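Structural description and commentary
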Amino acid sequence: MNPSLHALSAIWLLALSGCTAPAEAGEPAGAGTPAQAPAPALWNFEASQDAVRSGSCDESGAPMRGLLALQLSIVALNAKQAEVLTARLPDGASLAGAWELTSPDPNFGGLSGLALEDETTLLAITDAGGWVRFGLDGAAPSAATIGYMRGADGRFLSGKTENDAEGLTVRDGIAFVSFERDFRIEAFDTGTCGASAKAVEIASLPSTYRGRGIDANKGPEALTLTPAGSLRFGFEGATGSTSPLGDVTASGTGEWSGIPAANPDGFALVAMDTIGLAGGETRGIYLYRAFDPLRGARSVLVWGPDEDDQLTLSRPVMTDNFEGLAARALETGDLRLWIVSDNNFSEMQRTLIYAFDVPL
């Protein structure tokens with residue numbers, strides 16, 4: 001189930017090149033061969049944030065609105081469940097906590113994306129166009145609020161084509177969301193006006209890969225904002241077991257990078273994050289999933305290029321459809337990684353949040 005060494009090397013070169021412009025793989029230009037056209041400039045957070053803020057919030061500095069208190073039960077895994085989970089961790093990694101979340105509110109569920117807003121807050125999105133904001137007590141989720149996304153016209157997103165939110169990344173109060181069905185990335189200034197933030201279109205994303213159409217339910221599950229300020233997206237599937245990666249250009253389009261994600265055999269990419277480390281290194285973290293009726297939901301979490309830099313979750317570990325990922329660099333030099341599962345609003349599935357501290 002491990003990624004091939006060649007694929008891992010390729011994906012880590014991509015993760016370390018946050019400023020590299022997108023380009024399709026091709027033959028190098030040589031004598032008598034016309035040079036390739038310059039790659040398009042990348043979209044940049046610093047250059048774009050003022051326009052996003054002015055387009056997303058009607059009143060600068062207005063208090064957060066549209067987020068309501070959520071009745072939530074947060075129960076830690078019991079000792080045996082935690083023991084089975086901990087036994088899967090590689091050397092040096094530790095379990096920072098594991099919880100099952102339930103709520104009588106029918107709007108809670110379907111958590112498909114996760115991001116760290118700040119040291120005390122996790123933000124999640126649902127694949128019904130919802131926001132769920134969790135307080136943090138150390139690594140543990142605590143009191144939560146819930147709201148719904150609004151389009152550029154200020155109305156709630158409605159219908160699966162509009163509101164199938166999957167990927168999430170946040171910087172300085174601006175949440176960037178990637179959507180399936182209608183492949184696109186939109187930005188919301190939730191830090192200023194909460195769930196009242198209106199969508200600002202950032203990019204339309206490709207609907208074909210290598211000449212073939214992409215299934216509407218295999219779109220941009222993964223989204224990350226690199227330390228350099230560019231937006232990188234990853235599709236769950238395109239051709240076979242390929243999960244292609246791409247970058248957002250300054251012109252507002254998504255372009256394939258030419259290097260796919262390093263999927264373990266039989267798994268698909270569902271989330272990624274990138275963080276800057278001391279010394280200028282950029283570290284990419286990736287979450288993959290698989291499902292079949294016999295083995296159930298399985299996940300692989302990868303935070304480095306070596307075999308000890310990954311964790312596989314499968315039975316008898318309590319697991320489910322993990323889709324969201326958030327990462328933070330700790331003062332100890334380790335990484336804290338949170339993952340969240342999408343229960344598909346089904347009573348047959350669970351909403352789980354697991355937190356791990358892993359060495360670099």
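Figured I'd write up the structure that's included with this text. As the structure is a prediction and not an experimental result, all values here were calculated from the model.

Remarks on the pairing of strand 17 (residues 254–260)
Relative to strand 17, strand 16 (residues 244–248) runs antiparallel, the two sharing four bridges. Its bridge partner being in strand 17, G246 is matched across the sheet by W256. Remark: five residues form the turn of the hairpin made by strand 16 and strand 17, two consecutive strands paired antiparallel; G252 in that turn has positive phi of roughly 85°.

With respect to the pattern of salt bridges
Applying the stated criterion across every chain, the model contains 16 salt bridges. A salt bridge links D189 to R53, with the nearest nitrogen and oxygen atoms 3.5 Å apart. Here the residue D189 occupies a position in the loop between strand 10 (184–188) and helix 5 (190–193), and R53 occupies one in helix 2 (residues 45–56), the gap between them amounting to 136 residues. Here D189 falls in the buried class, since its relative accessible area comes to 2%. Relative accessible area serves as the criterion here: at 23%, R53 is assigned to the partly exposed category. Ionic pairing is found between E323 and R289, a salt bridge with its closest N-O pair at 2.4 Å. Of this pair, E323 sits in strand 22 (residues 322–329) while R289 sits in strand 19 (residues 282–292); the two residues are 34 residues apart in sequence, bridging distant segments of the chain. The same class applies to E323 as to R289, namely buried. Residues participating in the shared-partner salt-bridge network are E221, E236, R289 and E323.

Description of the state of the cysteines
Within this structure, the stated rule accounts for one disulfide. Between the sulfur atoms of C57 and its disulfide partner C193 the distance amounts to 2.0 Å. On the sign convention where negative is left-handed, the bridge of C57 and C193, at about -80° about the S-S bond, is left-handed. A residue pair is termed long-range when its members are at least 10 positions apart, and C57 in the loop between helix 2 and strand 1 (68–70) and C193 in helix 5 qualify at 136 residues. Both residues of the pair, C57 and C193, belong to the buried class.

Things to note about a negative patch on the surface
Where like charges cluster on the molecular surface, the negative patch consists of D91, D306, E307 and D308. In this structure, E307 sits in the loop between strand 20 (296–302) and strand 21 (310–313). Judged by relative accessible area, E307 falls into the exposed class, the value being 58%.

Considerations on the environment of G130
Here G130 is to be found in strand 6 (residues 130–137). Sequence separation between G130 and N163 is 33 residues; the distance between their C-alpha atoms is 8.3 Å.

Brief notes about the sheet that holds strand 9 (residues 174–179)
Ordered in space as 8-9-10-11, the four strands form an open sheet in which the pairing is antiparallel. Lying at the two open borders of the sheet, with one neighbouring strand each, are strand 8 (165–171) and strand 11 (200–204). Averaged over all pairs of adjacent strands, the angle between their axes in this sheet comes to 20°, without regard to strand direction. Against the sheet, helix 2 contacts strand 8, strand 9, strand 10 and strand 11, and its axis sits at roughly 90° relative to strand 9.

Brief notes about the environment of A87
With respect to the helices, strands and loops of the structure, A87 is situated in the loop between helix 3 (79–86) and strand 3 (94–102). A sequence separation of 230 residues divides A87 from V317, and the C-alpha atoms of the two residues are 9.3 Å apart.

Quick look at the packing of aromatic side chains
Throughout the structure, instances matching the rule amount to 10 aromatic pairs. Summarising the aromatic geometry, the rings of F322 and Y354 are spaced 5.2 Å apart at their centres and angled 50° between planes, so their arrangement reads as tilted. Of this pair, F322 sits in strand 22 while Y354 sits in strand 24 (residues 351–358); the two residues are 32 residues apart in sequence, bridging distant segments of the chain. Accessibility classification places F322 together with Y354 in one group, the buried group. Site record: aromatic cluster; members linked through ring pairs are F183, Y209, F233, F235 and W256. The residue whose ring lies beneath R171 is F45, and the NZ or CZ to ring-centre distance is 5.7 Å. Note that R184 overlies the ring of F179, its terminal NZ or CZ placed 3.9 Å from the centroid.

Cut-offs and rules
- Residue positions are given per chain, counting from 1 as you read along its sequence in written order.
- Where totals are concerned, whole chains, interfaces and linings use all residues; where local detail is concerned, this predicted model gives features only for residues with pLDDT of at least 70, and gives and counts side-chain atom pairs only at 80 or more.
- Side-chain measures were taken over the full set of non-hydrogen atoms in the model, leaving aside hydrogen atoms and water.
- For two strands to be treated as a pair, DSSP must find no fewer than two bridges joining them.
- Elements are defined by DSSP. Helices are runs of H or I of four residues or more, strands are runs of E of two residues or more, and each kind is numbered from the N terminus.
- Whenever Lys or Arg places a side-chain nitrogen within 4 Å of a carboxyl oxygen from Asp or Glu, that contact is recorded as a salt bridge.
- Buried, partly exposed and exposed residues are distinguished by accessible area as a fraction of the type maximum, computed with a 1.4 Å probe on protein chains only: under 20%, between the cut-offs, and over 50%, respectively.
- By disulfide we mean two sulfur atoms from cysteines, separated by a distance within 2.5 Å.
- The patches reported here contain residues having more than 30% relative accessible area and no salt bridge. Joining distances are 9 Å for like charges and 5 Å for nonpolar side chains (Val, Leu, Ile, Met, Phe, Trp, Tyr).
- Note that accessible areas follow from Shrake-Rupley with a 1.4 Å probe, and for residues the cover is restricted to the protein chains shown.
- In this tally, Lys and Arg are treated as positive and Asp and Glu as negative; His is ignored, and so are the chain termini.
- The atom standing in for a charge is NZ when the residue is Lys, CZ when it is Arg, CG when it is Asp and CD when it is Glu.
- Think of each axis as a best-fit line through the C-alpha atoms, taken over the contacting stretch in the case of a helix, with angles from 0 to 180 degrees between the N-to-C directions.
- The contact rule is simple, with two residues in contact once any of their heavy atoms fall within 4.5 Å.
- Between rings of Phe, Tyr and Trp, where Trp is taken as its six-membered ring, a pair exists when centres lie within 6.5 Å; planes separated by under 30 degrees are stacked, by over 60 edge-to-face, and by other angles tilted.
- Only lysine NZ and arginine CZ atoms are considered, and such an atom sits over a ring when it is within 6 Å of the ring centre and within 35 degrees of the ring normal.

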